[in-house]
Number of protein chains: 2
Amino acid sequence: MPKQIRLNAFDMNCVVHQSPGLWTHPRDKADRYNTFDYWLELAAILERGRFDALFLADVLGIYDVYRGGPQTALERAVQVPVNDPLMVIPAMACATRHLGFGVTCALSYEHPYPFARRMSTLDHLTNGRIGWNIVTGYLESAARGMGMTAMEDHDTRYDIAEDYLKVVYPLWEGSWEDGAVLRDRAGRRFADPARIHRVTHEGPYFRSSAIHLCEPSPQRTPVLYQAGASSRGRQFAAEHAECVFINGPSPRVIGSIVADIRRRAQAAGRDPAEMLIFTMMTVITGRTTAEAQDKLADYRRHVDEEAALTLMSGWTGVDFSRLDPDKPVPAAHTDAMISALESFTTNADPDRVWTPRDIARHAAIGGRGPVVVGSGTEVADALQDWVATTDVDGFNLAYAVTPETFADIADLVVPVLQERGVFKHDYAPGTLREKLYGPGRARLRDDHPAARYRRAQG
Amino acid sequence: MPKQIRLNAFDMNCVVHQSPGLWTHPRDKADRYNTFDYWLELAAILERGRFDALFLADVLGIYDVYRGGPQTALERAVQVPVNDPLMVIPAMACATRHLGFGVTCALSYEHPYPFARRMSTLDHLTNGRIGWNIVTGYLESAARGMGMTAMEDHDTRYDIAEDYLKVVYPLWEGSWEDGAVLRDRAGRRFADPARIHRVTHEGPYFRSSAIHLCEPSPQRTPVLYQAGASSRGRQFAAEHAECVFINGPSPRVIGSIVADIRRRAQAAGRDPAEMLIFTMMTVITGRTTAEAQDKLADYRRHVDEEAALTLMSGWTGVDFSRLDPDKPVPAAHTDAMISALESFTTNADPDRVWTPRDIARHAAIGGRGPVVVGSGTEVADALQDWVATTDVDGFNLAYAVTPETFADIADLVVPVLQERGVFKHDYAPGTLREKLYGPGRARLRDDHPAARYRRAQG
């Protein structure tokens, strides 16, 4: 069987995610993000299209670098308002049977003991369809909301993450043995306390001494996602993640990231082929090439370049409003923007000179990811090419107009991929981890660092 | 119109809540607490019975005072395992139109900035059907899970609560003015940043400087519930709560608590008649008196007295396993148990001597609350008597067997109350606060302390 392509939908509990300004498109429904209707319609579309998962981004803060304040973000709905992503998952899970849910929870902002319970609860309720995107947080405005005077520096945040995992891993994997739960009504014994264990951790950032509050859920540890782009981030992903989100402009860039992550995973003692790597992309498709191009042109009339620069300023820490929009971005800013600019060299031309206006135009649809435009067949060709040349496992698909973008993919691209034998006709049974890795794989593999917290079974 | 009686259902995201051992009853379904099925069935029953709200208790810890460890609690499912209560609400909200949801969230364990977002998100999604039970936490085991060496003392916990509210109130009430959200697609303006404000708090326990991440939700501040029994707790309730949960064995005891709370509310400058006070109760009913009594006898065969003492030990801090089960509880322990023992003097006999076995028998159905047994008519008589003699506004109804207890009330008691004109035939329109207080009352009253954080409207 040829390599199967995986698809995630990429969304956020806000008015517009990666395509600034497009909430103003007459067919866009994301400004109803605060209703169940929006999420239930989306979930039904994704399950119809056999998407593996809906991946929910989150940012606990406001993009306030551009013009030195939050005004533009607030006026243009640049990922603000932003509601809690966890609260929409139970409703969607109730209305679907197979769709997975990857949710971003920044571990800087909640103690691991109650967080472990939250994830276990969701894993129970969804029958094991939950994934967790481990994020350390990246906005200063979020740190100030939490009462900190400044955000921890980048590498310290990963130290905090490592310490956090040393609380949640043993709670999920080691506190309750398999078989600890008896549910013996006749014998009046719900559980065998001899098989339930206290977990104690005394780390540099977190301390905890507790029995996990939840009985074992189908997956125990949720499927672990990670998206760090830095060297430290990739190392963290190689050690802990099962699914990795990456971003890059061209097969050349993506291919080298994929190879690097698989190499690091192998060095960490894990099976590199098991790292499922998703690259971000925005697909605009129609029944014909012309229809897809018309759609793109229509969408372009609604983009908001200033909002795009607001996003870019938040991502890079550089206030783009202070630069001449039509002059090349000065070298002094280059370091801070290397990864940001890389995202736009879709022609993989390292010598191209970028102005803020160029950047805004490119970022206004699909954020920092590439945009693929064409008929279903053309898009399918492109996706297969990316997989063949980069070794990615699938795509994290952002929207231009929602849920239209996702419905178009489900209706026009997925059938082509299915016909070509590279995309499932039906979901595999079982948990999200089983759907990704196969039967019997509900739990983390033994070569994962969380596995060391498991107890020998009685 | 005669005074209307309010009914809340009282449950917890665990195997058995207030009737230890009864999870073993063949018709009890609470051990399916970790499935959506249980919660959707419950929500449908409650909405059919026109219950005002489902009130979800929560304890982030394990009852480990009895026998000096958690073994009995784990073996007998004494409120453990206990899943996150927030995660079941979106699914139930999706499947109902009017039922309110009061949820217990202990403020010692989450920073107010992300918590404010969580509540606002739920208030949006449910169209304003959310209430928050403000709890400071009371188990040492929870504090240890959070990495603290010991729980803060009782009065300090209320100081922390006061400080916490000084962050969430202005986020909910003052950060976004009414009218700040424009949703102007043609003008490409989602919001008017001039009408959105940063909230800064520098308190002894919490600091925050942030714009609320959510646009105003239907109620802004969720309906505020509180259940403190101590003098400090009642004072806190009188100042902050809209709905108060109390507990007591007899109309005499309850009446004096109700009067005290209303007196304190008035002294705090609030309208005492607006404090909606719910007393805990367990109702066992049948089509006839005999059927109700048979049901009680049947239930009694499944109670677990040792599990009841495990609960009591956790509530009082006294290890009942160290006392002779058949000798009166020694005077040395009396202080710690005054409120606990009060709960059992259903005959209002202050001179009665209690043994641990007496206490266990009484606590094994309905925890510390009174149990009312009889036909629908008899129960309706009893509820009306309690309201008439104590001035309570309604009842927080625990279950013996779930969801059977709630279905019985919906089918046998509610119709009698409706016929007598003391219970609504249909829900009032609007948010939970409007259903409780009437049209136009979606927001907190102006005499509530949170109202001072409102901005004059443009």
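Throughout what follows, the structure given in this document is the object of discussion. (Residues numbered from 1 in each chain as written. Chains lettered and ligands numbered in written order. Predicted model: local features only at pLDDT ≥ 70, side-chain atom pairs only at ≥ 80, totals over all residues. Heavy atoms only, no water.)

Points about the overall build of chain A
Item 1. Check the secondary structure of chain A and you find 15 helices and 13 strands.
Item 2. A globule of 458 residues ought to have a C-alpha radius of gyration of about 23 Å, and chain A, at 22 Å, matches this closely.
Item 3. Oriented by its inertia axes, the alpha-carbon framework of chain A measures out at about 75 × 55 × 45 Å.
Item 4. Within chain A, the proportion of its 458 residues that are buried is 66%.
Item 5. Roughly 15300 Å² of accessible area belongs to chain A as shown, and the carbon and sulfur atoms make up 49% of that amount.
Item 6. Taking the average place of the 51 positive charges on the side chains of chain A and the average place of its 59 negative ones, the gap between the two points comes to 5 Å. (Helix = DSSP H or I, 4+ residues; strand = E, 2+ residues; numbered from the N terminus. Rg over C-alpha atoms; globule rule 2.2 N^0.38 Å. Buried < 20%, exposed > 50% of the residue type's maximum accessible area, 1.4 Å probe, protein only. Areas by Shrake-Rupley, 256 points an atom, 1.4 Å probe, with all protein chains shown as cover. Lys, Arg positive; Asp, Glu negative; His and termini not counted. Charge placed at Lys NZ, Arg CZ, Asp CG, Glu CD.)

Concerning the interface of chain B and chain A
Item 1. Contacts between the two partners involve 78 residues from chain B, matched on the other side by 78 residues from chain A.
Item 2. Here chain B packs against chain A, burying approximately 6800 Å² in sum over the two surfaces, 59% of which is carbon and sulfur.
Item 3. Of all residues in chain B, Met87, Arg185 and Arg188 of chain B give up the largest surface area on contact with chain A, accounting jointly for 12% of the area buried on that side.
Item 4. Counting every contact that joins chain B to chain A gives twelve salt bridges.
Item 5. Between arginine 183 of chain B and aspartate 31 of chain A there is a salt bridge, with its nearest N and O atoms 3.3 Å apart.
Item 6. Our enumeration of links across chain B and chain A arrives at 44 residue pairs in polar contact (both at pLDDT 80 or more).
Item 7. Of the residues belonging to the side of chain B that touches chain A, the class tally is 40 nonpolar, 18 polar and 20 charged. (Contact = heavy atoms within 4.5 Å. Buried area = accessible area lost by both parts, 1.4 Å probe. Salt bridge = Lys/Arg side-chain N within 4 Å of Asp/Glu carboxyl O. Polar contact = N/O pair within 3.5 Å; in protein donor to acceptor, adjacent residues only side chain to side chain. Nonpolar A, V, L, I, M, F, W, Y, C, P; charged D, E, K, R; others polar.)

Let's talk about the relation of the copies chain B and chain A
Item 1. Superposing chain B onto chain A takes a rotation of 180° plus a shift of 0.0 Å along the axis, which leaves an RMSD of 0.0 Å. Both chain copies can therefore be described as sitting about a two-fold axis. Residues of chain B ranked by C-alpha distance from the rotation axis are headed by alanine 91 of chain B, positioned 2.2 Å from it.
Item 2. Most of the interface of chain B is mirrored in chain A, where 100% of its interface residues again form contacts. (Least-squares fit on C-alpha atoms with pLDDT ≥ 70 in both.)

Observations concerning the pairing of strand 1 (residues 6-12) of chain A
Residues and elements named next belong to chain A.
Item 1. Buried residues dominate strand 1, accounting for seven of its seven residues.
Item 2. Across four bridges, strand 1 lies against strand 13 (residues 394-398) in parallel orientation. Bridge assignment links asparagine 8 to a residue of strand 13, and that residue is asparagine 396.
Item 3. With five bridges joining them, strand 1 and strand 2 (residues 53-57) adopt parallel strand pairing. (Pairing = 2+ DSSP bridges.)

Topic: the pairing of strand 9 (residues 223-226) of chain B
Residue and element names in this part refer to chain B.
Item 1. Both faces of strand 9 are covered, namely the face carrying Val223 and Tyr225 and the face carrying Leu224 and Gln226.
Item 2. Note that strand 4 (residues 130-135) and strand 9 share four bridges and pair parallel. Pairing of glycine 131 across the sheet is with valine 223, part of strand 9.
Item 3. Note: strand 9 against strand 10 (residues 243-246), two bridges, orientation parallel. Within the sheet, the bridge partner assigned to glutamine 226 lies in strand 10 and is valine 244.
Item 4. Considered for its hand, the β-α-β crossover made up of strand 9, helix 7 (residues 231-240) and strand 10 is right-handed. (Right-handed = clockwise from strand over helix to strand, strands pointing away.)

Let's talk about helix 1 (residues 36-48) of chain A
Item 1. Under the 1.5 Å per step criterion, the end-to-end length of helix 1 of chain A is 18 Å for 13 residues, consistent within 8% with the ideal 18 Å.
Item 2. What helix 1 of chain A keeps buried is the set Phe36, Tyr38, Trp39, Leu42, Ala43, Ile45, Leu46 and Glu47 of chain A. (Expected span 1.5 Å × (residues − 1).)

So, the environment of serine 108 of chain A
All names here are of chain A.
Item 1. Among the structural elements, serine 108 can be located in the loop between strand 3 (100-106) and helix 4 (112-125).
Item 2. When its relative accessible area of 29% is taken as the criterion, serine 108 is described as partly exposed.
Item 3. Linking serine 108 and threonine 377, residues 269 residues apart in sequence, is a C-alpha distance of 43 Å.
Item 4. Setting aside its immediate chain neighbours within four residues, serine 108 contacts Thr136 and Gly137.

Observations concerning the pattern of salt bridges
Item 1. Evaluation of the coordinates by the stated rule reveals 92 salt bridges over all chains.
Item 2. Put simply, arginine 185 of chain B and aspartate 31 of chain A hold a salt bridge, and the shortest N to O gap is 3.1 Å. Taken as a pair, arginine 185 of chain B in the loop between strand 5 (181-184) and strand 6 (189-191) and aspartate 31 of chain A in the loop between strand 1 and helix 1 lie in two separate chains rather than in one.
Item 3. Here arginine 441 of chain B and glutamate 274 of chain B are joined by a salt bridge, their closest N and O atoms 2.6 Å apart. Residue arginine 441 of chain B is located in the segment after helix 15 (432-437), and its partner glutamate 274 of chain B is located in the loop between helix 8 (251-267) and strand 11 (276-286); the two are separated by 167 residues in the primary sequence. In this pair, the class of arginine 441 of chain B matches that of glutamate 274 of chain B, namely buried.
Item 4. Residues joined by salt bridges that share partners form a network here, namely Arg67, Glu75, Arg76, Asp304 and Glu306 of chain A together with Arg189 and Asp192 of chain B.

Focus: the packing of aromatic side chains
Item 1. Taken as a whole, this structure holds 34 aromatic pairs over all chains when the rule is applied.
Item 2. The interplanar angle of 25° and the centroid separation of 5.3 Å between the aromatic rings of phenylalanine 10 of chain B and phenylalanine 55 of chain B together place this pair among those described as stacked. With phenylalanine 10 of chain B in strand 1 (residues 6-12) and phenylalanine 55 of chain B in strand 2 (residues 53-57), the pair connects residues that are 45 residues apart, well separated along the chain. Judged on exposure class, the residue phenylalanine 10 of chain B and its partner phenylalanine 55 of chain B are both buried.
Item 3. A connected cluster of aromatic rings, assembled from ring pairs, spans Phe10, Phe55, Tyr225, Phe245 and Phe278 of chain A.
Item 4. Arginine 368 of chain A extends its terminal NZ or CZ atom over the ring of tryptophan 315 of chain A, reaching a point 4.1 Å from the ring centre.
Item 5. Over the aromatic face of phenylalanine 423 of chain A sits the side chain of lysine 424 of chain A, whose NZ or CZ is 4.4 Å from the ring centroid. (Phe/Tyr/Trp six-rings, centres within 6.5 Å; stacked < 30°, edge-to-face > 60°. Lys NZ or Arg CZ within 6 Å of the ring centre and 35° of its normal.)

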